[in-house]
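Residue strings, one per chain:
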Amino acid sequence: MLVTHQRAVLRDIGELVEERAPDHEVAVMAQRIARRLSIRRRPRDPRAERGAGKLASVPYRYRSDDIDLDRTIEVLTERPHPDDTDIVVRERMRSRRAVVLIVDVSGSMRGEKVKMAAATVAALSADLVDDQLAVVAFWSDAALLAPLEAHVSAARLLDQLLRIPARGLTNVGFALTVAHAELARSAARRRSAVLLTDAVHNAGPDPRTVARRFPELHVLLQTDGEHDAALGADLARLGHGRFAPVATHRDVAPALNRVLAG
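As the structure is a computational prediction, the values presented were derived from the model and not from experiment.

Colleague: Any chance you could explain the sheet that holds strand β6 (residues 142-146) here in plain terms?
Modeller: Within a sheet, each strand pairs with its neighbour through backbone hydrogen bonds, oriented either parallel or antiparallel. Taking strand neighbours across the sheet as the criterion, the seven strands line up as β1-β6-β5-β4-β7-β8-β9 in an open arrangement whose pairing is mixed. Whereas interior strands pair on both sides, the edge strands pair on one side only; in this sheet they are β1 (10-11) and β9 (243-246). Looking at chain direction, β1 and β6 are connected through two bridges and run parallel. Opposite Leu 10, over in β6, you have Ala 142 as the bridge partner. Along the sheet face, helix α6 (residues 172-184) touches β1, β4 (97-104), β5 (132-138), β6, β7 (190-197) and β8 (217-222) and points at about 160 degrees away from the line of β4.

Written out as structure tokens, the structure reads:
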């Protein structure tokens, strides 16, 4: 494997995409996938979150039937004609999450590669609507498309991804360094990174060193073309995360459900 040691740069996304419009056909296809996947993933079954998180006393929201009797009596003494939501129940509250998505845009963003990117952005945007999501695009350099504190739509993120000109080399290590720094800024209890790549690393130092610093680094390995499964699996293992090969964009949502479960 050829690995070149050049100085990587964190690019300003505005400078990269300012004058370039994405291929119209590719953009339409990506947005169609994003809309379909967002609609499919947005509904949530509240029962799936039971048994996880800290117990808290909250107004009844048609979920828990474990009534906090003392708190409910306090409320009812002030409301002679109570509503259902005046009942206080004990419910497990899921901790807020922070996720950094790291997308490999080296080479041409066409075909199945752009479909996978669209599916990943859409699925995470829908699933993390109440959480923090940052997106890093990378090639030999990297660009922060959206920091954790921003709320950028899936459509906007995809537009930015598709406007980045095709790049040749792949510096996985630098992308992980940028993502780790962004993730370290969050105060969320659960902090994760999701790396979408073929793991054909050919620029910069060995990314395994950076992977060890993550509290949770998951790898979605694109297997539709040339790929390095051994490196991808190593990064997930060293990053205390999970590894999932994805051959088409239809594999993305099930893979995300597996790696982010728990």
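Colleague: Sorry if this is basic, but what is going on with the side chain of Asp 127 here?
Modeller: In this structure, Asp 127 sits in helix α4 (residues 111-127). Taking relative accessible area as the criterion, Asp 127 reaches 13% and is therefore assigned buried.

Colleague: Before we go on, may I ask you to explain the pairing of β9 in this structure?
Modeller: Along a regular strand, successive side chains alternate from one face of the sheet to the other. The side-chain alternation of β9 yields one buried face, formed by Ala 244 and Val 246, and one unburied face, formed by Phe 243 and Pro 245. Where β8 lies against β9, four bridges are found, and the strand directions are parallel. Across the sheet, residue Gln 222 finds its bridge partner in β9, namely Val 246. In the classification by handedness, the crossover that spans β8, the intervening helix α8 (residues 229-238) and the parallel β9 is right-handed.

The rules behind these values
- Residues numbered from 1 in each chain as written.
- Predicted model: local features only at pLDDT ≥ 70, side-chain atom pairs only at ≥ 80, totals over all residues.
- Heavy atoms only, no water.
- Pairing = 2+ DSSP bridges.
- Helix = DSSP H or I, 4+ residues; strand = E, 2+ residues; numbered from the N terminus.
- Contact = heavy atoms within 4.5 Å.
- Axes fitted to C-alpha atoms, helices over the stretch in contact; angles between N-to-C directions.
- Buried < 20%, exposed > 50% of the residue type's maximum accessible area, 1.4 Å probe, protein only.
- Right-handed = clockwise from strand over helix to strand, strands pointing away.

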